Amino acid sequence: MTKKVTLSFPDDTIEEAKRFAKREGLSLSAWMDQAAREKALREVFAAHAAALNRAGFDLEAAALADEREVAMVDAAIFRAS
């Protein structure tokens, strides 16, 4: 379901948004919806990462460990071929 709302933006913001929407083959409304959703998701993910950080999780170390594990599995699979 969609709802029509009235929003105000500076002229240059509208022109840039129109340009990006056209480049992506979207209507201005669809592009603005996508941009707003992406911004909201970034905020949620950033808040989640901050909460994990405060809880003492080392996200960088976990990511590096995952990367090493993937490399080990790839090496084992492709060396066995």
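As shown above, the structure is provided for reference.
Residues numbered from 1 in each chain as written. Predicted model: local features only at pLDDT ≥ 70, side-chain atom pairs only at ≥ 80, totals over all residues. Heavy atoms only, no water.

Enquirer: Honestly, helix α2 (residues 28–54) in this entry has me stumped. Any pointers?
Expert: An α-helical segment advances 3.6 residues per turn. Residues three or four places apart therefore align on the same side. The end-to-end C-alpha separation of α2 is 39 Å, in line with the 39 Å expected for 27 residues at 1.5 Å each. The positive-phi residue at the C-terminal boundary of α2 is Gly56, with phi of around 95 degrees. (Helix = DSSP H or I, 4+ residues; strand = E, 2+ residues; numbered from the N terminus. Expected span 1.5 Å × (residues − 1).)

Enquirer: How should I be thinking about the pattern of salt bridges in this particular structure?
Expert: Proximity of charged atoms lets side chains of opposite charge pair with each other. This structure, assessed with the given rule, holds four salt bridges. A salt bridge links Arg23 to Glu24; its shortest N-O distance comes to 3.9 Å. Overall, Arg23 belongs to the exposed group, its relative accessible area being 61%. Under the relative-accessibility criterion, Glu24 is labelled partly exposed at 37%. Among the salt bridges present, the one from Glu43 reaches Lys39, with a minimum N-O distance of 2.8 Å. (Salt bridge = Lys/Arg side-chain N within 4 Å of Asp/Glu carboxyl O. Buried < 20%, exposed > 50% of the residue type's maximum accessible area, 1.4 Å probe, protein only.)

Enquirer: Even after reading the chapter, I still don't get a nonpolar patch on the surface, so can you show me in this structure?
Expert: A contiguous nonpolar surface patch, about 300 Å² in accessible area, is contributed by Val5, Leu7 and Phe9. Assignment of secondary structure puts Phe9 in the segment before α1 (11–23). (Patch = residues over 30% accessible without salt bridge, like charges linked within 9 Å, V, L, I, M, F, W, Y side chains within 5 Å. Areas by Shrake-Rupley, 256 points an atom, 1.4 Å probe, with all protein chains shown as cover.)

Enquirer: Whenever I open this one, α1 confuses me. Can you help?
Expert: With 13 residues, α1 should cover 18 Å at 1.5 Å per step; its first-to-last C-alpha distance of 18 Å lies within 8% of that length. One or two positions beyond α1, positive phi appears at Gly25, with a value near 70 degrees.

Enquirer: What exactly am I supposed to notice about the packing of α1 against α2 here?
Expert: In a packed pair of helices, the relevant descriptors are the angle between the two axes and the axis-to-axis distance. As a packed pair, α1 and α2 sit with axes 9 Å apart at the nearest point and diverge in direction by 100 degrees. Considering the angle they form, α1 stands roughly perpendicular to α2. For the pair formed by α1 and α2, the contact residues are Ala17, Lys18, Phe20 and Ala21 on the first element and Leu28, Trp31 and Met32 on the second. When grouped by side-chain class, the residues that make up the contact of α1 with α2 number six nonpolar, no polar and one charged. (Axes fitted to C-alpha atoms, helices over the stretch in contact; angles between N-to-C directions. Parallel < 35°, antiparallel > 145°, perpendicular 65-115°, else oblique. Contact = heavy atoms within 4.5 Å. Nonpolar A, V, L, I, M, F, W, Y, C, P; charged D, E, K, R; others polar.)

Enquirer: What am I meant to see in the packing of aromatic side chains here?
Expert: In this description, an aromatic ring pair is defined by two values, namely the gap between the centres and the angle between the planes. A full pass over the atoms with the stated rule returns one aromatic pair. Here Phe20 and Trp31 contribute two aromatic rings whose centre-to-centre distance is 5.8 Å and whose plane-to-plane angle is 15 degrees, an arrangement assigned as stacked. Of the two residues, Phe20 sits in helix α1 while Trp31 sits in helix α2, which places them eleven residues apart along the sequence. The exposure class assigned to Phe20 is partly exposed, which follows from its relative accessible area of 30%. (Phe/Tyr/Trp six-rings, centres within 6.5 Å; stacked < 30°, edge-to-face > 60°.)

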